[in-house]
Amino acid sequence: QVQLVESGGGLVQAGGSLRLSCAASGSIFSINAMGWYRQAPGKQRELVATITSGGSTNYADSVKGRFTISRDNAKNTVYLQMNSLKPEDTAVYYCSLGIATMTSGEYDYWGQGTQVTVSS
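Residues numbered from 1 in each chain as written. Predicted model: local features only at pLDDT ≥ 70, side-chain atom pairs only at ≥ 80, totals over all residues. Heavy atoms only, no water.

Its location among the elements puts Ser 96 in strand β9 (residues 91–101). With relative accessibility at 8%, the residue Ser 96 sits in the buried group. Not counting the four nearest positions on each side in its chain, Ser 96 is found in contact with Ala 33, Met 34, Gly 35, Tyr 37, Asp 108, Tyr 109 and Trp 110. (Helix = DSSP H or I, 4+ residues; strand = E, 2+ residues; numbered from the N terminus. Buried < 20%, exposed > 50% of the residue type's maximum accessible area, 1.4 Å probe, protein only. Contact = heavy atoms within 4.5 Å.)

Structurally, the position occupied by Trp 36 is in strand β4 (residues 28–39). For the pair Trp 36 and Tyr 94, spaced 58 residues apart in the sequence, the C-alpha separation amounts to 5.6 Å.

Let us look at the state of the cysteines. Among covalent bonds in proteins, the disulfide is the one between the sulfur atoms of two cysteines. Applying the stated criterion to the full structure yields one disulfide. Put simply, Cys 22 and Cys 95 are joined by a disulfide, and their sulfur atoms are 2.0 Å apart. Since a negative S-S torsion denotes a left-handed disulfide, the Cys 22-Cys 95 link at about 50° is right-handed. Of this pair, Cys 22 sits in strand β3 (residues 18–26) while Cys 95 sits in strand β9, placing them 73 residues apart in sequence. (Disulfide = S-S within 2.5 Å.)

For the structure shown, the criterion picks out two aromatic pairs. Judged by centre distance (5.0 Å) and plane angle (55°), the ring pair of Tyr 37 and Trp 110 falls under tilted. Of this pair, Tyr 37 sits in strand β4 while Trp 110 sits in strand β10 (residues 106–110), and the two are 73 residues apart along the sequence. For Tyr 37, a relative accessible area of 23% gives the class partly exposed. Note on Trp 110: relative accessible area 39%, which makes it partly exposed. Ring geometry for Tyr 107 and Tyr 109: centres 5.0 Å apart, planes at 80°, overall edge-to-face. Looking at Arg 45, its charged tip hangs above the ring of Tyr 94, at a distance of 3.8 Å from the centre. Residue placement shows Arg 45 over the ring face of Trp 110; its charged tip is 4.8 Å from the ring centre. (Phe/Tyr/Trp six-rings, centres within 6.5 Å; stacked < 30°, edge-to-face > 60°. Lys NZ or Arg CZ within 6 Å of the ring centre and 35° of its normal.)

Let us look at unusual backbone geometry. Even without being a glycine, Asn 76 presents a positive backbone phi close to 50°. For Asn 76, the location among the structural elements is in the loop between β7 (67–72) and β8 (77–82). We note that Ser 84 has phi near 50°; this positive angle belongs to a residue other than glycine. Relative to the helices and strands, Ser 84 is located in the loop between β8 and β9.

Before going further, it helps to examine the sheet that holds β3. In space, the four strands of this open sheet follow the order β1-β3-β8-β7, with antiparallel pairing throughout. Two strands in the sheet have a free side with no partner beyond their single neighbour: β1 (2–7) and β7. Strand after strand, the sheet turns through a mean of 15° between neighbouring axes, direction not considered. Pairing geometry for β3 and β8, over six bridges, is antiparallel. Residue Cys 22 lies in a different strand from β8, and its bridge partner there is Val 78. (Pairing = 2+ DSSP bridges. Axes fitted to C-alpha atoms, helices over the stretch in contact; angles between N-to-C directions.)

In structure tokens, the structure reads:
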């Protein structure tokens, strides 16, 4: 059994910052890639950023230079530092972690989502 708990969303003015966290717990054997996705109203879920187990990162063009993804392997946690936020960043943000448990192979687990609202 694996649980993902997200935190850090909220309401912020344009130009402000937020830091999202996603912590995994349970019978975890290993965690491979970690990522953040977002879904705005009426739109499809889109990739925001990913980080591999080796620390390589990838970002959507729309957030490059403003968002930073990082991970703390000791805490089974992935972070998303969001700076210079824009109204178009408003969405529900989801974390996704590739986790292998003690009894099964790797599977993509998803967080419950956290709302980020950027006012103009």
